[in-house]
2 protein chains.
Amino acid sequence: MGSWTGPANFSQMKTKFQDKPAVYPRECPDGKALKSLPQALLDRRATSHFRPDAVPQEYLDAILRLGAQAPSGYNLQPWRFLVVREKENRERLQSAAYGQAKIAEAPVVIIAFGVPDDWQNYFDEVFEEGLRRGYGKPEIIPDLKQKASAFLKEIPQTVWINRHTMIAVTTMMYVAEIYGLDTAPMEGFDPIAVRREFGLPANAEVVALLALGFAAEPDKPYGGRLDISEIVYDEHFSRQWNNTSESPDRLARKMFDEIERKSTKPFNPA
Amino acid sequence: MGSWTGPANFSQMKTKFQDKPAVYPRECPDGKALKSLPQALLDRRATSHFRPDAVPQEYLDAILRLGAQAPSGYNLQPWRFLVVREKENRERLQSAAYGQAKIAEAPVVIIAFGVPDDWQNYFDEVFEEGLRRGYGKPEIIPDLKQKASAFLKEIPQTVWINRHTMIAVTTMMYVAEIYGLDTAPMEGFDPIAVRREFGLPANAEVVALLALGFAAEPDKPYGGRLDISEIVYDEHFSRQWNNTSESPDRLARKMFDEIERKSTKPFNPA
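Notes on the structure in this doc start here. (Residues numbered from 1 in each chain as written. Chains lettered and ligands numbered in written order. Predicted model: local features only at pLDDT ≥ 70, side-chain atom pairs only at ≥ 80, totals over all residues. Heavy atoms only, no water.)

### Re the interface of chain B and chain A
Heads up, the condition is: Contacts were defined at the residue level, with two residues in contact if any of their heavy atoms lie within 4.5 Å. Think of a salt bridge as a Lys or Arg side-chain nitrogen and an Asp or Glu carboxyl oxygen that are within 4 Å of each other. Any pair of nitrogen or oxygen atoms within 3.5 Å is treated as a polar contact; in protein, a donor-acceptor pairing is required on top of that, and neighbouring residues in sequence qualify only through side-chain atoms on both sides. Secondary structure follows DSSP: runs of H or I at least 4 residues long count as helices, runs of E at least 2 residues long count as strands, and numbering of each begins at the N terminus.
Across the contact, 114 residues belong to chain B and 114 residues belong to chain A. Connecting chain B to chain A are 4 salt bridges. The salt bridge involving B:Arg163 is made with A:Glu205; its shortest N-O contact spans 3.6 Å. Our count for the contact surface shared by chain B and chain A stands at 56 residue pairs in polar contact (both at pLDDT 80 or more). Considering every element that reaches the side of chain B that touches chain A, the biggest residue donor is helix H7 (residues 157-178) of chain B, with 14 residues.

### What to know about the pattern of salt bridges
Per the stated rule, a full pass over the model turns up 32 salt bridges over all chains. B:Arg132 serves as the salt-bridge partner of B:Glu129, at 2.7 Å between the closest nitrogen and oxygen. One end of the pair is B:Glu129 and the other is B:Arg132, both in helix H5 (residues 123-132) and 3 residues apart, which spans about a single turn. Each of the salt bridges in this network shares a partner with another, and the network as a whole consists of A:Asp19, A:Glu129, A:Arg132 and A:Arg133.

### Quick notes on the relation of the copies chain B and chain A
Heads up, the rule is: The fit set for superposing copies consists of C-alpha atoms from residues with pLDDT of at least 70 in both; the fit itself is least squares.
Of the transformation placing chain B onto chain A, the axial shift is 0.0 Å and the rotation is 180°, giving an RMSD of 0.0 Å. What the superposition gives is, in effect, a two-fold axis relating one chain to the other. The overlap is high: 100% of the interface residues of chain B also sit at the interface in chain A, so the same surface is used on both sides.

### Observations regarding the pairing of strand E2 (residues 80-84) of chain A
Here is the rule we go by: Each residue is placed in one exposure class: buried if its accessible area under a 1.4 Å probe, protein chains only, is under 20% of its type's maximum, exposed if it is over 50%, and partly exposed if it falls in between. Here, strands pair whenever DSSP counts at least two bridges between them.
With respect to burial, E2(A) is a largely interior element, 5 of its 5 residues being buried. Burial along E2(A) is two-sided: A:Arg80, A:Leu82 and A:Val84 facing one way and A:Phe81 and A:Val83 facing the other are all buried. Where E2(A) and strand E3 (residues 108-114) of chain A come together, 5 bridges link them in antiparallel fashion. Bridge pairing in E3(A) places A:Leu82 opposite A:Ile111. As paired strands, E2(A) and strand E7 (residues 232-234) of chain B are joined by 3 bridges and run parallel to one another. Residue A:Val83 lies in a different strand from E7(B), and its bridge partner there is B:Asp234.

### Section: the packing of aromatic side chains
Our working rule: Two rings from Phe, Tyr or Trp (for Trp, the six-membered ring) form a pair when their centres sit within 6.5 Å of each other. Planes less than 30 degrees apart are called stacked, planes more than 60 degrees apart edge-to-face, and all others tilted. Note on criteria: charge over ring means Lys NZ or Arg CZ within 6 Å of the ring centre, with the direction from the centre no more than 35 degrees off the ring normal.
Applying the stated rule across the entire model yields 14 aromatic pairs over all chains. Measuring from ring centre to ring centre gives 4.6 Å for A:Tyr233 and A:Phe237, while their planes differ by 40°; the resulting arrangement is tilted. For the pair A:Tyr233 and A:Phe237, a shared accessibility class is recorded, and that class is buried. One cation-aromatic arrangement involves A:Arg26 over A:Tyr24; the distance from NZ or CZ to the ring centre is 4.0 Å. The ring of B:Phe198 carries B:Arg92 above its face, with NZ or CZ at 5.0 Å from the centroid.

### Notes on the sheet that holds E7(B)
Defined as follows: Axis definition: a line fit to C-alpha positions, over the contact stretch in the case of helices; interaxial angles, taken between N-to-C directions, run 0 to 180 degrees.
Across the sheet, which stays open at both edges, the 6 strands sit in the order E4(A)-E5(A)-E3(A)-E2(A)-E7(B)-E8(B) with mixed pairing between neighbours. In the strand order of this sheet, the two ends are held by strand E4 (182-186) of chain A together with strand E8 (236-240) of chain B, each with one partner. For this sheet, the mean angle separating the axes of adjacent strands, direction not counted, is 35°. By the bridge criterion, 5 bridges tie E4(A) to strand E5 (residues 205-213) of chain A in an arrangement that is antiparallel. In the sheet register, A:Met186 faces E5(A), and the bridge partner there is A:Leu209.

### A word on the packing of helix H3 (residues 87-95) of chain A against helix H8 (residues 191-198) of chain A
Residues and elements named next belong to chain A. Worth spelling out the cut-off: For classification, angles of less than 35 degrees are called roughly parallel, those exceeding 145 degrees roughly antiparallel, those between 65 and 115 degrees roughly perpendicular, and all remaining angles oblique. In a left-handed crossing the near helix is turned counterclockwise from the far helix by less than a right angle, and in a right-handed crossing that turn is clockwise. Note on residue classes: Ala, Val, Leu, Ile, Met, Phe, Trp, Tyr, Cys and Pro are nonpolar, Asp, Glu, Lys and Arg are charged, and everything else, Gly too, is polar.
Viewed as axis vectors pointing N to C, H3 and H8 meet at an angle of 155°, and their least axial separation amounts to 9 Å. Our classification of the angle between H3 and H8 gives roughly antiparallel. Crossing handedness for the pair H3 and H8: right-handed. Mapping the contact onto sequence places Asn 89, Arg 92 and Leu 93 in H3 and Val 194, Glu 197 and Phe 198 in H8. Taken together, the residues that form the contact of H3 with H8 break down as 3 nonpolar, 1 polar and 2 charged.

Below, the structure is given as structure tokens:
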């Protein structure tokens, strides 16, 4: 572990790449079959209290490596994760997160963050790696890189990092859930204290905490969800979603098509 | 559809709630079994070109309703989705998103957004609904609401909306993928043009676009991922993750425990 000597130096880093995980657990730690994603979505609740039981190493590896398969713009993967398992460190994190009991209880808590403008340190290598793997023709790469670079210099890094990191956090959460683990995503923390306690760069954007483990008590009841008509719009913000009926436009078009169909000789290949 | 008469008026809205979806497709549109989440993660690529085939209504409903089961802070669900299916509207969206061909090709494109401070319009009702469903005791609610409200007034709404909306977008993307649909999440769009073309509030934060449908051509090759040691840290930012070895702390503790175990009389209940 050469990195013991000091903080990772992004600018001198020769970036390493890897393939999709070939090996990952095919069943839950208790031998049960994996949950389907719909089932995991329906069963999942944010867990308030965890048992001390460890997350088996192969499951933690799978959560991290499958989570890292999430998509990102230009494959730049600006998400970073700090895995906290040592009791003393979980207690330090708990103090930086308003004393939430689950942080000290859960065997694993992941700090999800990103470092603004860090993409510049591995930008060339990500495109080179893509090219090596047959992604795009060499002649389009300069133009693609120029466009990507212009985009990344325009979009606020905070926004870009928050969006991307949450894709990967969400992915990890569901991987844990389909394996029958319990999770608690958290947004309540003091980012300054988290950065200080875990040596993150001063400009690091701390995005979320994710506790992993096994629930110590039955889940809280389901809090319900906003009706789909409250959160989904159909073609325009002036029109709420109504999934029991066709939209007026489509109804009108169907009627028109029907009339046209009847007024035309049917095509008969016989 | 009373909302035809004008834009949704959040402040006068009597918020509706719903339960978990009881009915959703249990197999893919072609009759195949659902993919496991790990398989979907390994198979998924961002789709560049879509066939014109429609997304069956029951699958679109499942994507929206299962997607809405995603977790959110205080269950406030600040994500909003505008579903674009009409050809003319997909072309307008395409123009607002740098002409990306997949937007006009995909049968469904979802605009994911959020409206800053909109949470205030349904804050009380979300807590009341939770209470009705047995979530927490009545006496803790005022304190919980006070804490939530203080948090939401402190955190920049842009950050909060981007984080949350990406949880739900990611959820929808994976629901579509396990059903064998193809997806393309997009970050390249002009938010001002999107707001204008679809009547979104002037302060709406447009977070992402998600195209859904069926790929028209084989996927691009996998671009690889940053090695897990490049993106994961172990206990502290100074220590890169190494999933083939135990951390020095844990190794030291194990050795200590081992020595202690050997120097102590074994517990023997017999």
